[in-house]
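# Coordinate analysis (summary)
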Amino acid sequence: MKKILVANRGEIALRIMKTVKKMGIKTVAVFSKADRQSPHVTYADEAICIGEAPSSQSYLLGDKIIEVAQQLHVDAIHPGYGFLSENAAFAKAVTDAGLTFIGPGIEAIEKMGNKLAAKETVKAYDIPMVPGIDEAITDPEKAKTIAKDIGFPILIKAAAGGGGKGMRVVEREEDLSEQMDRAISEAVSAFGDGSVFIEKYVGSPRHIEIQVLADSHGNFVHLFERECSVQRRHQKVVEEAPSAILTPALREAMGTAAVNVAKSCNYLGAGTVEFLVDENHNFYFLEMNTRLQVEHPVTELITQVDLVEQQIRIARGEKLSFTQDDLTIKGHALELRVYAEDPTDNFLPSVGLLETYQRPQGEGIRVDDGYEEGMEVPIYYDPMLSKLITYGDTREEAIALMKKAINNYQIKGIKTTLPFGTFVCDHEAFISGNFDTHFVKQYYTPEVLEQASQQEAEIAALVALKQYLEDQKQLRVPTH
Ligand code: MV4
């Protein structure tokens, strides 16, 4: 493999290229007209403009990207996350064009892309799943029987769904048929597939996922967990590794289950198996993500494994150079997603000119980003500006470092979720580890940030006043 094209933009394109370059492989960037000045473009050995700013006219143009790859004699395509990364048709087109898709096979993408197909695929492996049904349902009467059997509250989910779309909690039997109609029509309009199914609703779950790697020689390992329970409307905000609540025994049980999920679909490369964990520490398989995830850096820090390097080695047909027994957890890592959003105004996107942009630096601090001072943050894409990642010996150390790093991050010109990160790190529930997926909804109001910034302003005013009085004293010293 001599040349890799990265079919993505922003921080992840840059992060992938850094490893590609480190491995002595040439990099090709593709970019839209809105990203001409982006670091991922200037960093690459070669860069080609593939279209207009909207991703439907650039980063989602699979055929165009493959055409560029062939013209530039590229060997492989890394899709990053989002865009074409979990598009089986794209993976197939890449392979059909004689190129290597850095990711799993087409069947694994297809099977894991549909929740019902995923349940079917893992059936033979005895993976714990939330009580429920494993086939699509349309008849409200049948649904009623099943729901009563499972016991309310139940959750209606779309088979093709993701990110919570098409999900409906139903508390009472009399609401079921109406909620089912809604779920079906939501699923049709969002995914073009109205298949829905029913599960027992887990009321206060934690979202814990396991990173896996699989090579083409039949070797599978897991790289422990990431806790992603701090999220807002299905958008993750803070992730960490390891989780504050997993015991070694539970970690091993979940790791084994994750590896079995990967085996069930003949997985290849890096993947993530998502679980819900309830109050009694029962875990249930939710779905598998067949891509490199946004939050992969926390796993890299605690395992000292470069996941992108592993993806490339696996795609080249190499055997994994380590076994499960070689892997251990060292230290604790936290990641804060810094969004260009205003946390005091309902997380409204805040795009525009990055007048000041200075990263925090120092030991235990990693910043994965795709912007520089003076750049415009475009409205066309995901509003994530950067990932602020800290690493320490303990969870307490990682949290303390995160607070310091947030304070040393200088961003002017746009609003960001940095103050929201401080709110999380200062919250008793987060510090104690006693939180679930309802954390943000449960504890966050814009007022808590305004109070915090009000307090900060008062302290600043007092400091200024003290200095002023000191200066006055000095001035009063007689000069003759
Ligand atoms: C659930 C659940 C409770 N019970 N399934 C949300 C997105 C999709 N990946 C699965 N999701 C959930 N499935 C049962 N049976 C609660 C959620 C859920 C959630 C899961 C992970 C992270 C954040 C979440 C926020 C709300 C609901």
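Residues numbered from 1 in each chain as written. Predicted model: local features only at pLDDT ≥ 70, side-chain atom pairs only at ≥ 80, totals over all residues. Heavy atoms only, no water.

With that settled, consider the pattern of salt bridges. A full pass over the atoms with the stated rule returns 37 salt bridges. Here Asp 306 makes a salt bridge to Arg 15, at a shortest N to O gap of 2.9 Å. Taken together, the residues span a long stretch of sequence, with Asp 306 in the loop between α10 (296-303) and α11 (307-315) and Arg 15 in helix α1 (residues 10-22) at a distance of 291 residues. When its relative accessible area of 8% is taken as the criterion, Arg 15 is described as buried. With a closest N to O distance of 2.7 Å, Glu 199 and Lys 119 form a salt bridge. With Glu 199 in strand β8 (residues 196-200) and Lys 119 in helix α6 (residues 115-122), this pair connects stretches of sequence that are 80 residues apart. The burial state of Glu 199 is the same as that of Lys 119; both residues are buried. A network of salt bridges, in which partner residues are shared, links Arg 15, Lys 22, Glu 300, Asp 306, Glu 309, Arg 313, Arg 316, Glu 318, Arg 366 and Asp 368. (Salt bridge = Lys/Arg side-chain N within 4 Å of Asp/Glu carboxyl O. Helix = DSSP H or I, 4+ residues; strand = E, 2+ residues; numbered from the N terminus. Buried < 20%, exposed > 50% of the residue type's maximum accessible area, 1.4 Å probe, protein only.)

Turning our eyes to something else, we now look at α6. Taken across its eight residues, α6 has six buried, putting it largely inside the fold. Within α6 the residues assigned to the buried category are Lys 115, Leu 116, Ala 118, Lys 119, Thr 121 and Val 122. The N-terminus of α6 is capped by Asn 114, whose side-chain oxygen sits 2.9 Å from the backbone nitrogen of Leu 116. (Polar contact = N/O pair within 3.5 Å; in protein donor to acceptor, adjacent residues only side chain to side chain.)

For Phe 191, the position within the fold is in helix α8 (residues 176-191). A sequence separation of 206 residues divides Phe 191 from Glu 397, and the C-alpha atoms of the two residues are 43 Å apart. Not counting residues within four places of it along the chain, the set of residues in contact with Phe 191 comprises Ala 158, Ala 160, Gly 161, Gly 162 and Lys 165. (Contact = heavy atoms within 4.5 Å.)

Before going further, it helps to examine a nonpolar patch on the surface. A grouping of Leu 462, Leu 465, Tyr 468 and Leu 469 is seen on the molecular surface, where their side chains present a nonpolar patch of about 420 Å² in accessible area. Locating Leu 465 in the fold gives a position in helix α16 (residues 446-476). (Patch = residues over 30% accessible without salt bridge, like charges linked within 9 Å, V, L, I, M, F, W, Y side chains within 5 Å. Areas by Shrake-Rupley, 256 points an atom, 1.4 Å probe, with all protein chains shown as cover.)

Our focus in this paragraph is the side chain of Lys 157. Mapped onto the fold, Lys 157 is located in strand β6 (residues 154-158). A distance of 3.0 Å separates polar atoms of two side chains, one belonging to Lys 157 and the other to Glu 199.

If you check the domain split of the protein chain, you get domain 1 (3-102), domain 2 (131-200), domain 3 (206-447) and domain 4 (448-480). Its C-alpha centre places domain 2 at a distance of 60 Å from the equivalent point of domain 4. (Domains from an automatic or database assignment.)

Here the focus is the sheet that holds strand β10 (residues 220-232). An order of β13-β12-β9-β10-β11-β14-β21-β19 is seen for the eight strands of this open sheet, with the pairing classed as antiparallel. The sheet is open, and its two borders are formed by β13 (283-289) and β19 (365-369), each paired with just one other strand. Averaged over all adjacent pairs, the angle separating strand axes in this sheet is 25 degrees, with direction ignored. Pairing of strand β11 (residues 235-241) with strand β14 (residues 332-339), which is carried by four bridges, proceeds in the antiparallel orientation. Opposite Glu 239, over in β14, you have Glu 335 as the bridge partner. Each of β9 (206-214), β10 and β12 (269-277) is contacted by α11, which is oriented at about 40 degrees to β9, the strand it contacts most. (Pairing = 2+ DSSP bridges. Axes fitted to C-alpha atoms, helices over the stretch in contact; angles between N-to-C directions.)

Now for the packing of aromatic side chains. Using the criterion set out here, one finds 16 aromatic pairs in the structure. With a centroid separation of 6.2 Å and an interplanar angle of 80 degrees, the aromatic rings of Phe 90 and Phe 101 are classed as edge-to-face. Taken together, the residues span a long stretch of sequence, with Phe 90 in helix α4 (residues 88-96) and Phe 101 in strand β5 (residues 100-101) at a distance of eleven residues. Both residues of the pair, Phe 90 and Phe 101, count as buried. Measuring from centroid to centroid gives 5.5 Å for Phe 275 and Phe 283, while their planes differ by 90 degrees, and the two rings are edge-to-face. (Phe/Tyr/Trp six-rings, centres within 6.5 Å; stacked < 30°, edge-to-face > 60°.)

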